Amino acid sequence: MRRRDFGKTSFGAIAATMLPGSGPAQPSAPSEFPANAGLTRYVGTFVTQTKYQEIPADVIELGKKSILDGLGLALAGSRAESGSISRRTLSKRA
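Residues numbered from 1 in each chain as written. Predicted model: local features only at pLDDT ≥ 70, side-chain atom pairs only at ≥ 80, totals over all residues. Heavy atoms only, no water.

On to the overall build of the protein, then. Within the protein, the regular secondary structure consists of 4 helices and 0 strands. Ordered by position in the sequence, the α and β elements of the protein form the string α-α-α-α. The burial tally for the protein puts 14% of its 94 residues in the buried class. Residue pairs in contact within the protein that sit at least 24 positions apart in sequence constitute 50% of those at least 6 positions apart. In the form shown here, the protein has an accessible surface area of approximately 7,500 Å², with 61% of it arising from carbon and sulfur atoms. (Helix = DSSP H or I, 4+ residues; strand = E, 2+ residues; numbered from the N terminus. Buried < 20%, exposed > 50% of the residue type's maximum accessible area, 1.4 Å probe, protein only. Contact = heavy atoms within 4.5 Å. Areas by Shrake-Rupley, 256 points an atom, 1.4 Å probe, with all protein chains shown as cover.)

Structure below.
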């Protein structure tokens, strides 16, 4: 699965839980997308009520890859010299 497909798959999984009769992961919120005022509560309810077994395997796999990718980027960024080069360049222009 490609990264750009992750959002589509994740959104599809979330949208599927919003359908009437979609199973135990359905939050107690109304079936239509909530207004801003209840969005945090809706997302919190979804996160706390969704069981690991209900998440599609390809979404879990991509989530693991994304976490590993983020750690790799953090490690690479910790050794990168681009920040110090940018600061030196900007301080010369000031």
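Applying the stated criterion to the full structure yields 1 salt bridge. The shortest N-O distance in the salt bridge between Glu-61 and Lys-65 comes to 3.0 Å. Placement of the pair is Glu-61 and Lys-65 together in helix H3 (residues 57-79), with a separation of 4 residues, close to one helical turn. On the accessibility criterion, Glu-61 (44% relative accessible area) is partly exposed. Relative accessible area serves as the criterion here: at 45%, Lys-65 is assigned to the partly exposed category. (Salt bridge = Lys/Arg side-chain N within 4 Å of Asp/Glu carboxyl O.)

This part is about the confidence of the model for the protein. Per-residue pLDDT for the protein has a mean of 78; in total, 60% of the residues score no lower than 70. Confidence, read as mean pLDDT per element, is least for helix H1 (residues 3-18) in the protein (61) and greatest for H3 (94). (pLDDT = per-residue confidence, 0-100.)

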